[in-house]
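Here is what each chain is made of, one letter per residue.
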Amino acid sequence: MHARMSLPPSQQDPRLAAFAPAAERSLQVFGAPVTLVLLPSRKLRRDRPSADRPAFRQSPVPRILGEEVLWRGEGLALTPNRYPFAAQQRLLWPIEPRREPDLAMWTTIGAWVDGCDGTALLNNIGSAASIARAHAHLIPERLPFLDGLAERPAPADLLEVPPGVQIVAKDVPFCLLGVRGPAAQRALAIQRLADARLTAAWNVLCTNGTAWLYPRRQETPAPHFPYALGASEVWGRWCYGDEDAFAQATGAMLEQALLAAGSPAL
């Protein structure tokens with residue numbers, strides 16, 4: 001699998017936009033630590049989720065893949081993120097139009113995460129994405145939030161579990177499933193859960209040998225969190241564009257945001 005071996009793990013690259021939050025705060029959410037970052041520049045993203053976003057717009061991905069590619073191979077391309085919420089953040093795209101990753105892309109993402117001890121975050125339309133084509137945020141960093149949440153066994157009848165894979169759930173009052181195992185088998189389990197998913201959207205977080213799946217019922221859980229809640233927030237980094245909302249946020253508000261945006265626990 002040449003693409004999985006060739007993806008750059010964590011090298012510094014001057015072509016990547018700097019991650020420079022205007023301010024940071026720390027809170028506890030369900031007893032685990034999270035960070036709030038003030039990033040006014042993210043309000044400049046075109047077609048970011050909002051009530052007045054149009055139903056259709058010509059995709060910017062052909063231009064991005066024509067002008068900004070850092071690496072290309074095996075049907076995938078790597079580009080910078082113009083509005084990063086992490087240091088040395090890259091975006092991985094399928095070259096052929098696709099709204100969700102296929103099995104090969106899931107496998108590549110998992111192998112990259114395992115190889116550099118980093119994190120991959122995926123959003124789709126309805127769960128904080130501003131571009132419809134499938135893409136993964138590749139970040140050479142881990143956060144402590146998910147590790148700080150207790151776990152319990154997941155229901156045994158969700159899918160035919162591939163050999164070597166364990167399905168777990170975080171012990172929280174919303175659905176947060178974990179798929180744990182080697183990258184290829186983990187990818188197969190994610191694909192099977194994608195086929196079983198009954199919500200239109202979800203967020204997926206791959207970190208520390210586990211893919212965490214957060215199915216969605218609401219995109220913007222206002223008033224608790226006044227923006228589209230994405231994989232970054234489930235990971236433990238809450239991104240704010242406005243200073244007042246950033247300053248007024250509490251741990252209880254973020255807990256309510258996760259409850260409102262997510263699906264009931266299984």
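Conventions used here
Residues numbered from 1 in each chain as written. Predicted model: local features only at pLDDT ≥ 70, side-chain atom pairs only at ≥ 80, totals over all residues. Heavy atoms only, no water. Pairing = 2+ DSSP bridges. Helix = DSSP H or I, 4+ residues; strand = E, 2+ residues; numbered from the N terminus. Axes fitted to C-alpha atoms, helices over the stretch in contact; angles between N-to-C directions. Buried < 20%, exposed > 50% of the residue type's maximum accessible area, 1.4 Å probe, protein only. Core = buried A, V, L, I, M, F, W, Y, C linked by side-chain atoms within 4.5 Å. Contact = heavy atoms within 4.5 Å. Salt bridge = Lys/Arg side-chain N within 4 Å of Asp/Glu carboxyl O. Arc of directions from axis to C-beta. Phe/Tyr/Trp six-rings, centres within 6.5 Å; stacked < 30°, edge-to-face > 60°. Lys NZ or Arg CZ within 6 Å of the ring centre and 35° of its normal.

Trainee: Quick question: what am I supposed to make of the sheet that holds strand β8 (residues 151-153) here?
Mentor: Paired through backbone hydrogen bonds, the strands of a sheet run either parallel or antiparallel to each other. The sheet built from 10 strands is open, its strands ordered β3-β4-β5-β7-β6-β11-β12-β10-β9-β8 with antiparallel pairing. Either end of the sheet is taken by a strand with one partner, and the two such strands are β3 (71-73) and β8. The mean inter-strand angle of the sheet, taken between neighbouring strand axes irrespective of direction, is 25°. Here β3 runs beside strand β4 (residues 76-80); their pairing, made up of three bridges, is antiparallel.

Trainee: Just checking my understanding: could you explain the pairing of strand β7 (residues 136-139) for this structure?
Mentor: The two faces of a sheet get side chains in turn, since along a regular strand they alternate between them. What you see with β7 is no split at all: Ala136 and Leu138 on one side and His137 and Ile139 on the other are buried throughout. Pairing of strand β5 (residues 90-94) with β7, which is carried by three bridges, proceeds in the antiparallel orientation. In the strand pairing of β7, Leu92 is matched with Ala136. Both strand β6 (residues 119-122) and β7 contribute to a ladder of four bridges, which runs antiparallel. Paired with Leu121 across the bridge in β7 is His137.

Trainee: Hey, could you run me through the nonpolar core in this one?
Mentor: Counting 39 residues, the largest nonpolar core has Leu36, Leu229, Trp238, Tyr240 and Leu258 as the members making the most contacts within it. Of all the secondary-structure elements, those providing two or more residues to this core are β1 (23-29), β2 (32-38), β12 (210-215), α5 (231-235), β13 (237-240), α6 (243-248) and α7 (251-261). Tallying contributions element by element places β2 first for this core, with five residues. The residues contacting Trp238, other than those within four sequence positions of it, are Val34, Thr35, Leu36, Val37, Phe225, Leu229, Glu233, Leu254, Ala257 and Leu258. Core analysis: the second largest hydrophobic core is formed by 32 residues, Leu7, Leu177, Ala187 and Val204 among them.

Trainee: What am I meant to see in the pattern of salt bridges here?
Mentor: Pairing between side chains becomes possible if they bear opposite charge and their charged atoms approach one another. Evaluation of the coordinates by the stated rule reveals 15 salt bridges. Ionic pairing is found between Arg63 and Glu68, a salt bridge with its closest N-O pair at 3.0 Å. One salt bridge in this structure joins Arg197 and Glu100, with 2.7 Å as the shortest N-O distance. With Arg197 in the loop between α4 (183-196) and β11 (202-207) and Glu100 in the loop between β5 and α3 (103-116), the pair connects residues that are 97 residues apart, well separated along the chain.

Trainee: Looking at this structure, I do not really get α7. What am I missing?
Mentor: Since the α-helix advances by 3.6 residues per turn, residues separated by three or four positions end up pointing in the same direction. Burial in α7 covers these residues: Gly251, Leu254, Ala257, Leu258 and Ala261. Projected down its long axis, α7 shows its buried positions confined to an angular sector of 115°, all on one face. Check the buried side of α7 and you find it contacts β1, β2, β12, α5 and β13.

Trainee: What is the right way to look at the sheet that holds β13 in this model?
Mentor: One open sheet accounts for three strands, arranged β1-β2-β13; its pairing is mixed. Looking at strand neighbours, the two that pair on one side only are β1 and β13, the edges of this open sheet. Pairwise comparison of adjacent strand axes, ignoring direction, gives a mean angle of 25° for this sheet. Where β2 lies against β13, four bridges are found, and the strand directions are parallel.

Trainee: Even after reading the chapter, I still don't get the environment of Leu176, so can you show me in this structure?
Mentor: With respect to the secondary-structure elements, Leu176 resides in the loop between β9 (166-170) and β10 (177-180). For Leu176, a relative accessible area of 2% corresponds to the buried category. Beyond its immediate chain neighbours, meaning those up to four positions away, Leu176 contacts Leu146, Val168, Ala169, Lys170, Trp212, Leu213, Tyr214 and Val234.

Trainee: Please explain the packing of aromatic side chains as it appears in this structure.
Mentor: We describe a pair of aromatic rings using the distance from one ring centre to the other and the angle between the two ring planes. Summed over the entire model, instances satisfying the criterion amount to seven aromatic pairs. Centroid distance Phe174 to Tyr214: 5.7 Å. Interplanar angle 85°. Geometry classified as edge-to-face. Within this pair, whereas Phe174 is found in the loop between β9 and β10, its partner Tyr214 is found in strand β12, the two being separated by 40 residues in sequence. Among the residues examined, Tyr214 registers a relative accessible area of 0% and is labelled buried. When the ring of Phe225 is compared with that of Trp238, the centres are 5.0 Å apart and the planes differ by 85°; the resulting orientation is edge-to-face. Taken together, the residues Phe225 in the loop between β12 and α5 and Trp238 in strand β13 connect sequence positions 13 residues apart. An aromatic cluster is built from Phe225, Tyr227, Trp238, Tyr240 and Phe246, whose rings are joined through pairwise contacts. Directly above the ring of Phe246 sits Arg25, whose terminal nitrogen or CZ lies 6.0 Å from the centroid.

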